[in-house]
Amino acid sequence: GKELFKLKQYKDALPLLDQACTGGDGEACDDLGYFYAGRYGHVKDFKKAAALFTAACDAGNADGCYNIGNFYYVGTLNFTDDARARPLLAKACDLGSDDGCWTLGISYMQPSTGSGDLSKALAVFTKGCDAGLRHSCWELGAMYESGVKGVKQDYERSVGYFSKVCELGDSAGCLMMGNVYWSGHGVEKNIAKSDEYFKKACSMGNESGCNSLKDNK
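Source: prediction; values computed, not measured. (Residues numbered from 1 in each chain as written. Predicted model: local features only at pLDDT ≥ 70, side-chain atom pairs only at ≥ 80, totals over all residues. Heavy atoms only, no water.)

Draft legend 1. Quick look at the packing of aromatic side chains. Evaluated as defined, the whole model comprises 8 aromatic pairs. Ring geometry for phenylalanine 35 versus tyrosine 36: centroids 5.2 Å apart, planes at 90°, classification edge-to-face. Seen in terms of ring centroids, tyrosine 72 and phenylalanine 79 are 6.0 Å apart; in terms of plane orientation they differ by 45°. Their pairing is tilted. Relative accessible area serves as the criterion here: at 36%, phenylalanine 79 is assigned to the partly exposed category. One aromatic cluster is present, built from ring pairs that chain together Tyr34, Phe46, Phe53 and Phe71. Residue placement shows lysine 189 over the ring face of tryptophan 182; its charged tip is 5.3 Å from the ring centre. (Phe/Tyr/Trp six-rings, centres within 6.5 Å; stacked < 30°, edge-to-face > 60°. Buried < 20%, exposed > 50% of the residue type's maximum accessible area, 1.4 Å probe, protein only. Lys NZ or Arg CZ within 6 Å of the ring centre and 35° of its normal.)

Here it is as structure tokens:
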């Protein structure tokens, strides 16, 4: 069913995926959820998608937990509910979902309902970054770079997080590190190192990295 689904042979794939989902295959439930959420051009049925994402989550599928949690956070079901969203996003985060950790942290910084909690956001992003999840590392880098309310500005600390983003294979992190060494923000200015990072970003297909590398010549 999953192979047929990838080949967009939905008519044949859907009964097989439905059978697999009923049998407790979380990935199959998640694929079906995407289908009914309209990702593949099907008429959207968000209630059905929500039920399928919930089933996926119950089966231990990280993506399913993120998807249903995000439904409640952004209001896909015509209402927002952080109290329902956060436990699901937390489960996604625990299961290794980069998007799950990031969205959970953001929900504490930018709650859709109720109040925020910056200390909880920091804890979530730290947990995600420690697990090697690049979006969480990026968010920590940005928070310490800008010094958001409640977080003391710390350029050296931000550089450490952006460096990790680059190490995790994200070209935006490499580009940021190139800019850091070019400007001397939080580190000693070093054009040679700046070029190394711009070159790395460029090799990952980051056009800004390529342009910055040319500008440094």
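Draft legend 2. Quick peek at the pattern of salt bridges. Under the defined criterion, the tally for this structure stands at 3 salt bridges. The partner of arginine 86 in a salt bridge is aspartate 82, with the nearest N and O atoms 3.7 Å apart. Pair noted here: arginine 86 and aspartate 82 are both in helix H6 (residues 82-94), with a separation of 4 residues, about one helical turn. Just as arginine 86 is buried, aspartate 82 falls in that class too. (Salt bridge = Lys/Arg side-chain N within 4 Å of Asp/Glu carboxyl O. Helix = DSSP H or I, 4+ residues; strand = E, 2+ residues; numbered from the N terminus.)

Draft legend 3. View of unusual backbone geometry. The backbone phi angle of asparagine 78 is positive, close to 75°, even though this residue is not glycine. Note that asparagine 78 resides in the loop between helix H5 (62-74) and H6.

Draft legend 4. Here's a closer look at the state of the cysteines. Throughout the structure, instances matching the rule amount to 6 disulfides. The side chain of cysteine 129 participates in a disulfide bridge whose partner is cysteine 137; the two sulfur atoms lie 2.1 Å from each other. Around the S-S axis, the bridge from cysteine 129 to cysteine 137 shows a dihedral of about 100° and counts as right-handed. With its sulfur 2.0 Å from that of its partner, cysteine 202 forms a disulfide with cysteine 210. In this structure, the disulfide formed by cysteine 202 and cysteine 210 twists by about 95° around the S-S bond and is classed as right-handed. If one numbers only the bonded cysteines of the chain, in the order they occur, the disulfide pattern is 1-2, 3-4, 5-6, 7-8, 9-10, 11-12. (Disulfide = S-S within 2.5 Å.)

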